[in-house]
Amino acid sequence: MHAHNAGQVARIRCGHCNIKRFYKPLELREVIGNVTIDQVRSKVRCEKCGNKESMNAELFHPVGQELVTIRFRRLVEIRWEKRVIWRDE
């Protein structure tokens, strides 16, 4: 059973900045792929400090008041950018 169907929420936290972000597992799967929560840690980076090594990811079942107070980061769009890099010779 997928975490989204079980009602779980993904909490991703930077151990350096102590910033917590909450995601719907279905949207994370769309961006990162169908991976385990342990593999998510190695695929995300903190937006504030840019650190990748101190990331922590876990799935949990929010209950009661916690579910009401969570602010989810929602996926708006996936945009692929093409960048041109020049080298002088």
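Residues numbered from 1 in each chain as written. Predicted model: local features only at pLDDT ≥ 70, side-chain atom pairs only at ≥ 80, totals over all residues. Heavy atoms only, no water.

J.: Looking at this model, I keep getting lost on the pattern of salt bridges. Mind explaining?
T.: When the charged atoms of two side chains lie near each other, side chains of opposite charge can form a pair. In the structure shown here, the tally under the stated rule is seven salt bridges. Linking Arg-41 and Asp-38 is a salt bridge whose minimum nitrogen-to-oxygen distance equals 3.2 Å. A residue pair is termed a helical-turn pair when its members lie 3 or 4 positions apart in one helix, as Arg-41 and Asp-38 do in helix H2 (residues 37-43) at three residues. Between Glu-77 and Arg-79 there is a salt bridge whose closest N-O contact spans 2.5 Å. (Salt bridge = Lys/Arg side-chain N within 4 Å of Asp/Glu carboxyl O. Helix = DSSP H or I, 4+ residues; strand = E, 2+ residues; numbered from the N terminus.)

J.: Even after reading the chapter, I still don't get the nonpolar core, so can you show me in this structure?
T.: Judged by nonpolar contacts, Ala-10, Ile-12, Cys-14, Tyr-23, Leu-28, Ile-32, Val-40, Val-44, Cys-46, Met-55 and Ala-57 together constitute the single largest core of eleven residues. Counting residues per element, the ones that place at least two in this core are strand E1 (9-14), helix H1 (25-32) and strand E3 (55-60). Ranked by residue count, the leading element in this core is E1, at three residues. With near-sequence residues (within four places) excluded, Ile-32 lies in contact with Val-40, Lys-43 and Val-44. (Core = buried A, V, L, I, M, F, W, Y, C linked by side-chain atoms within 4.5 Å. Buried < 20%, exposed > 50% of the residue type's maximum accessible area, 1.4 Å probe, protein only. Contact = heavy atoms within 4.5 Å.)

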